[in-house]
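# An overview of the molecular structure
Next come the chains, spelled out residue by residue.
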Amino acid sequence: MVKPGRSAVVHDLSDADDTLQTVRIITVHKKLDGAATVEEVAADEDFTAAAARITARGDDAVVFAGVHPDRAASCARTLRDAGYRRTRVPDEHVVGTSFLDVAEGWLVGTGYTDATADPRTRKFAAAHRARYHAAPAPWAAEAYDAVRFAVHGPTAAGDDARATVRAELLRHPWQGITREVSYDPDSEFFQAVEDSGAFLCQVTDHAARLVSRADDIGGSAT
């Protein structure tokens, strides 16, 4: 992947309390390659001035720090009209119809897969379509995994007591169709560390289409 030399963080202040942590991760904790310039946009402002500055600077990438689909759509539309065509990334929360309708080419990191496109979940998608005559909705494969994991405990433990069921769920990593999860005794959470269950999608034809599992993204230049 080509790393950006300079990025712009468009901070939508209409939901500053929900997005400040995202901005801090980029600017304070330096979790983004290269330099970053923050463009703050007030709740009663549009994104015209910020888009003009971003385009004039020639920033390599734009991160939209906001959670409202309509505001993200406005940002996407304004950047498009300003002629900006480089990498654009929003928060997963904005993936709604209003955003998808105008955000062609944007990249989105999600916690759920496209079950119809992910090789690990295509059999699930085919079975879902055969039974319900529709493609799986977002999070359907993850919900399927959650239910199967819950059922796994009492099934493996048989007729033993509840404590045995709990021990069975904690004992070994469990492989679902979307990811592998295991219990971390230090944090006391179930985690998907080496198989994170994070996915990269791109907005194409008004939908977020799976590009790759995050764990499968290599270091080759694109």
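The sections below set out a description of the structure shown in this document. Worth saying up front: this structure is predicted, and the values here are computed from it rather than measured.

A full pass over the atoms with the stated rule returns 10 salt bridges. Arg 213 is paired through a salt bridge with Asp 118; the nearest N and O atoms lie 2.8 Å apart. Pair noted here: Arg 213 is in strand β10 (residues 207–213) and Asp 118 is in the loop between β5 (107–110) and α5 (122–132), with a separation of 95 residues, a long-range link. The class of Asp 118 is buried, set by a relative accessible area of 1%. The salt bridge involving Glu 142 is made with Arg 179; its shortest N-O contact spans 3.2 Å. With Glu 142 in helix α6 (residues 140–157) and Arg 179 in the loop between β6 (174–175) and β7 (180–184), the pair connects residues that are 37 residues apart, well separated along the chain. With a relative accessible area of 16%, Arg 179 lands in the buried category. Shared partners join several salt bridges into a network, and the residues in it are Arg 6, Glu 39, Arg 53, Arg 57 and Asp 59.

This part is about the packing of aromatic side chains. In this structure the tally under the stated criterion is seven aromatic pairs. An angle of 85° between the planes, with centres 5.5 Å apart, marks the rings of Phe 99 and Trp 106 as edge-to-face. Ring centres of Phe 149 and Phe 190 lie 5.2 Å apart, and the angle between their planes is 75°; on these two criteria the pair is classed as edge-to-face. Here the residue Phe 149 occupies a position in helix α6, and Phe 190 occupies one in strand β8 (residues 189–191), the gap between them amounting to 41 residues. The rings of Phe 149, Trp 174, Tyr 183 and Phe 190 are connected pair by pair, giving a single aromatic cluster.

A few words on the side chain of Asp 12. As for its placement among the helices and strands, Asp 12 is situated in strand β1 (residues 6–12). With sequence-adjacent residues up to four places away left out, Asp 12 is seen in contact with Thr 19, Val 41, Phe 47, Phe 64, Ala 65, Gly 66 and Arg 71.

This part takes up the nonpolar core. The biggest cluster of nonpolar side chains holds 23 residues, and the ones touching the most others in it are Val 10, Phe 64, Leu 79, Phe 99 and Trp 106. Listing elements by their share of this core, those giving two or more residues are β1, α2 (48–57), β3 (61–65), α3 (69–81) and α4 (97–100). When residues of this core are assigned to their parent elements, the largest contribution, five residues, is made by α3. In this structure, Ala 125, Ala 140, Ala 141 and Ile 177 belong to the second largest nonpolar core, which totals six residues.

To continue, consider the sheet that holds strand β9 (residues 199–204). Hydrogen bonds along the backbone pair up the strands of a sheet, which may run parallel or antiparallel. Ordered in space as β5-β9-β10, the three strands form an open sheet in which the pairing is antiparallel. Across the chains shown, the open sheet's two edge strands, defined by having one partner strand only, are β5 and β10. Put simply, the sheet's adjacent strands are angled 35° from each other on average, direction ignored. Sheet topology places β9 next to β10; six bridges connect them, and they run antiparallel. When the sheet's bridge partners are listed, Gln 202 is paired in β10 with Arg 209.

To continue, consider the environment of His 128. Among the secondary structure elements, His 128 is positioned in helix α5. Residue classification places His 128 among the buried positions, given a relative accessible area of 17%. Between the C-alpha atoms of His 128 and Gly 34, which are 94 residues apart in sequence, the distance is 43 Å. In contact with His 128, other than residues within four places in its own chain, are His 133, Ala 134, Ala 135 and Pro 136.

This part is about the pairing of β3. Among the five residues that make up β3, five are buried, leaving the element largely enclosed by the rest of the structure. Burial along β3 is two-sided: Ala 61, Val 63 and Ala 65 facing one way and Val 62 and Phe 64 facing the other are all buried. Across five bridges, β1 lies against β3 in parallel orientation. Residue pairing for β3: Val 10 is matched across the bridge by Phe 64. Sheet analysis places β3 next to strand β4 (residues 87–90), joined by four bridges and oriented parallel.

Along an α-helix, residues three or four apart share an orientation, since each turn contains 3.6 residues. Burial in α2 covers these residues: Ala 50, Ala 51 and Ile 54. The buried residues of α2 occupy one face: seen down the axis, they fall within an arc of 100°. Lining the buried residues of α2 we find β1, β2 (35–41), β3 and α3. Directly after α2, the chain includes Gly 58, whose backbone phi takes a positive value near 75°.

Basis of the calculations
Residues numbered from 1 in each chain as written. Predicted model: local features only at pLDDT ≥ 70, side-chain atom pairs only at ≥ 80, totals over all residues. Heavy atoms only, no water. Salt bridge = Lys/Arg side-chain N within 4 Å of Asp/Glu carboxyl O. Helix = DSSP H or I, 4+ residues; strand = E, 2+ residues; numbered from the N terminus. Buried < 20%, exposed > 50% of the residue type's maximum accessible area, 1.4 Å probe, protein only. Phe/Tyr/Trp six-rings, centres within 6.5 Å; stacked < 30°, edge-to-face > 60°. Contact = heavy atoms within 4.5 Å. Core = buried A, V, L, I, M, F, W, Y, C linked by side-chain atoms within 4.5 Å. Pairing = 2+ DSSP bridges. Axes fitted to C-alpha atoms, helices over the stretch in contact; angles between N-to-C directions. Arc of directions from axis to C-beta.

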